[in-house]
Amino acid sequence: MPMYYFHLRNQDKFTDPDGTELVDVEAARAHALVVARELKFKSDTFMDEAWSRWFMHVQDGDGTELFSFPMSDVENGSNN
Amino acid sequence: MVTTSNPNHEDNRLLAALPREMLALMARDLRHLSLSQGHPIYEPGTPIDDIYFPQSGMISLMVVVDDWRGIEISTIGREGAVGLHAALGKRLSFTRAVTQIGGRFSTIRTSAFAQHAQDFASVRELIIRYTENLWAEAQQLAACNAVHDAPARLCRWLLHVADRIGSDQLPLTQELIAQMLGVRRTTVTILAQALQQRGAIKYARGRITIVDRDKLMTCACECYTVLTKQKLSPVTF
């Protein structure tokens, strides 16, 4: 299965060096959304900055960016 | 007369809380064990034949959901014991219990401990008080898991583990932390970097070091303080 890497960025970059093995890009999209919801939960900010300034970027194993989305587009999640 | 008890048993705070002569009497039934990380202690539905008192390692109690996911419901270190309630009557384990951090443990056959419980009020009192503590902790964590976010729960958990093992160096992989908190490993990776940037922790593969407890406490939910008061309140007689 291909590897996908999930990075959270604004001027800070929190990168995912290990990646996650997933069946396809759709599964990577679903994984990105779950992680985004786990990170956001009910909070308004991350590292004291509004979520609207943070973006989730997803890359494949070659380092090619597949898609990205602003964290403010993700509805606030619930645990698990 | 049995001479002074082995000091290693007293590294466990529950055993250390027993009256000295009681521990000396019990010492003939206690054994020392070194267990590595990932050692299975109990599976759900299996008899609790031995009771474990961590001296330096840590045991996680986990509830298995979706047939495979083990979500941690309690971490037990030198302040506690696993399987204690079985001394009041034969019990099957409700949870999966696994050593999450290897170390030294005192163990005793449940039947032997049950005999001491039958003979001595101080042992019965220890079991009841500790079981009350575990029950209180489970209630607090149920609330925590429902309403607190992953960053706050991660900080609370790291502080707890440090207290349990008596060290700020936590030999834990991000994979394991994710499993314990019921979140994706990716989430833990991102949060660990954020905490490192804040100067609260340092992490390397398979190891997290707490460098600033105060910073970590600022990020942790109130459950850390509530549980610390509850769990570390000494059992006295």
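Here the structure is a predicted model, which means the values were calculated and not measured.

1. Here we look at the side chain of Gln55 of chain B
Residue and element names in this part refer to chain B. With respect to the helices and strands, Gln55 occurs in the loop between β3 (50–54) and β4 (58–65). Side chain to side chain, Gln55 and Arg104 meet in a polar contact 2.5 Å long. Excluding anything up to four places from it in sequence, Gln55 contacts Asn8, His9, Asp11, His32, Arg78, Arg104, Phe105 and Ser106.

2. Quick notes on the confidence of the model for chain B
All names here are of chain B. Predicted confidence across chain B gives a mean pLDDT of 89, with 93% of residues reaching 70 or more. Mean pLDDT values for the elements of chain B range from 77 in helix α9 (residues 223–232) up to 97 in β3. With pLDDT under 50 throughout, residues 1–6 is counted as low confidence; its partners more than four residues away or in other chains account for six contacts. Scoring the predicted complex yields pTM 0.86 and, for the interface, ipTM 0.92.

3. A short note on the interface of chain B and chain A
Listed per partner, the contact involves 25 residues of chain B and 24 residues of chain A. Both faces combined, the contact of chain B with chain A buries some 2,000 Å², and carbon together with sulfur accounts for 51% of it. Summed over the three residues of chain B that lose the most area to chain A, namely Arg184, Thr186 and Ile190 of chain B, the buried surface amounts to 27% of that side. The partner of Arg185 of chain B in a salt bridge is Asp16 of chain A, with the nearest N and O atoms 3.2 Å apart. Elements represented by at least two residues in the side of chain B that touches chain A include exactly α4 (121–147), α5 (150–165) and α7 (185–197) of chain B.

4. A few points about α5 of chain B
Residue and element names in this part refer to chain B. Along its 16 residues, α5 runs 22 Å from first to last C-alpha, staying within 8% of the 22 Å computed at 1.5 Å per residue. The buried count for α5 comes to 15 of 16 residues, which makes it a mostly enclosed element. At the N-terminal boundary of α5, the capping side chain belongs to Asp149, with an oxygen 3.0 Å from the backbone nitrogen of Ala152. Positive phi appears at Gly166, one or two residues downstream of α5, with a value of about 70 degrees.

5. A short note on the packing of helix α1 (residues 25–40) of chain A against α7 of chain B
Closest axis-to-axis distance for the α1 of chain A/α7 of chain B pair is 9 Å, and the angle between their directions is 50 degrees. The orientation of α1 of chain A with respect to α7 of chain B, classified from their angle, is oblique. In terms of crossing hand, the pair formed by α1 of chain A and α7 of chain B is right-handed. Contact residues: His31, Val35, Glu38 and Leu39 of chain A in α1 of chain A; Thr186, Thr187, Ile190 and Leu191 of chain B in α7 of chain B. Across the contact of α1 of chain A with α7 of chain B, the residue classes tally to four nonpolar, three polar and one charged.

So, how was this worked out
Residues numbered from 1 in each chain as written. Chains lettered and ligands numbered in written order. Predicted model: local features only at pLDDT ≥ 70, side-chain atom pairs only at ≥ 80, totals over all residues. Heavy atoms only, no water. Helix = DSSP H or I, 4+ residues; strand = E, 2+ residues; numbered from the N terminus. Polar contact = N/O pair within 3.5 Å; in protein donor to acceptor, adjacent residues only side chain to side chain. Contact = heavy atoms within 4.5 Å. pLDDT = per-residue confidence, 0-100. Buried area = accessible area lost by both parts, 1.4 Å probe. Salt bridge = Lys/Arg side-chain N within 4 Å of Asp/Glu carboxyl O. Expected span 1.5 Å × (residues − 1). Buried < 20%, exposed > 50% of the residue type's maximum accessible area, 1.4 Å probe, protein only. Axes fitted to C-alpha atoms, helices over the stretch in contact; angles between N-to-C directions. Parallel < 35°, antiparallel > 145°, perpendicular 65-115°, else oblique. Left-handed = near helix turned anticlockwise from the far one by under 90°. Nonpolar A, V, L, I, M, F, W, Y, C, P; charged D, E, K, R; others polar.

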